[in-house]
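Geometric and topological summary
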Amino acid sequence: MRILVLEDERQLARHITQALVRHGHSATAQFDGLAGLKEALEHPPDLIVLDLNLPGLEGLSVLAGLREADSAARVLILTARGEVEHRVKGLKAGADDYMAKPFSMDELVARIEALGRRGATPTAADLLEVGDLHMDVHHRRVSRAGRAIALSPREFDVLQLLMQEPGRVFSRTELCERVWQRDHEYDTRTVEIFITRLRKKVDSGFPAPLIHTLRAIGYTIRPPE
Ligand code: CA
């Protein structure tokens, strides 16, 4: 994978790029948010490791700039421990995963590789359909009633899982394990944020919602009755 590391703590940035290169990736670092955004738009990477507290342009603004430009890059944000609100804001703004500092380099590399795998695996059933919602898995395109819907890579992954089995109820735990590929402790808030984001993009403006919450059980997608 081609990975861009946006981190102004130079020693940390160097450690991250070195670890990624050791794992066979190509990795470069930028220490300034504005320079990083420019680099990401000119030479689109597969994935961006994004520190939130950056000089030049702060991480959340970099993220907004990427999503505005329809960048397909996956984004993993780095937050200082305890900055729960920042993490929530980052996920709402279109990040795909996050890690709190300090972190183990092995875990960071594992998370990055898990994010990469999600995009690399084509499924046999490339065209999914639920009501008037259509997904082309291979080209990673989604539309409802003929109108294209722009999704972040992780939003796409969550929706794909739901659409592969319409009517089946997925618990938060299962969604988290299958999409985030983590079997250790996780944060249910993350799944809720992604479902909220998807609802806004998929269902808002339509009389019949497709995504449904079963209180205390989980989520499902199904065509209108
Ligand atoms: Ca920083």
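Scroll up to find the structure.
Residues numbered from 1 in each chain as written. Predicted model: local features only at pLDDT ≥ 70, side-chain atom pairs only at ≥ 80, totals over all residues. Heavy atoms only, no water.

1. As for helix H8 (residues 188-202)
For H8, with 15 residues, the first-to-last C-alpha span of 21 Å sits near the 21 Å given by 1.5 Å per residue. Listed as buried for H8 are Thr190, Val191, Ile193, Phe194, Ile195, Arg197, Leu198 and Val202. (Helix = DSSP H or I, 4+ residues; strand = E, 2+ residues; numbered from the N terminus. Expected span 1.5 Å × (residues − 1). Buried < 20%, exposed > 50% of the residue type's maximum accessible area, 1.4 Å probe, protein only.)

2. Section: the coordination of the calcium ion
Those donors, Asp8 (OD), Asp51 (OD) and Asn53 (O), are the protein atoms that reach the calcium ion, and they lie 2.1 to 2.4 Å from it. In primary sequence terms, the donor set of the calcium ion follows D-x42-D-x1-N. Separated by 45 residues along the polypeptide, aspartate 8 in the loop between strand S1 (2-6) and helix H1 (10-22) and asparagine 53 in the loop between strand S3 (47-51) and helix H3 (59-68) bring together distant segments of the chain. According to the relative accessible area criterion, aspartate 8 is partly exposed, its value standing at 30%. Given a relative accessible area of 62%, asparagine 53 falls into the exposed group. (Donors = N, O, S within 2.8 Å, 3.2 Å for Na, K, Ca; no water.)

3. Regarding the packing of helix H4 (residues 84-92) against H8
Look at H4 against H8: their axes get within 10 Å of each other, and the N-to-C directions meet at 35°. Read as a crossing pair, H4 and H8 show a hand that is right-handed. Of the residues in H8, those in contact with Val88, Leu91 and Lys92 of H4 are Arg189, Thr190, Ile193, Phe194 and Arg197. Among the residues making up the contact of H4 with H8, the classes are represented as 4 nonpolar, 1 polar and 3 charged. (Axes fitted to C-alpha atoms, helices over the stretch in contact; angles between N-to-C directions. Left-handed = near helix turned anticlockwise from the far one by under 90°. Contact = heavy atoms within 4.5 Å. Nonpolar A, V, L, I, M, F, W, Y, C, P; charged D, E, K, R; others polar.)

4. Brief notes about the side chain of lysine 101
Structurally, the position occupied by lysine 101 is in strand S5 (residues 97-101). Classification of lysine 101 by relative accessible area gives buried; the value is 16%. Of the polar contacts made by the side chain of lysine 101, one reaches the side chain of glutamate 7; its length is 3.0 Å. Looking at lysine 101, its side chain comes within polar contact range of the side chain of glutamate 9, at 3.1 Å. (Polar contact = N/O pair within 3.5 Å; in protein donor to acceptor, adjacent residues only side chain to side chain.)

Purely spatial values, then, with no claim about function.
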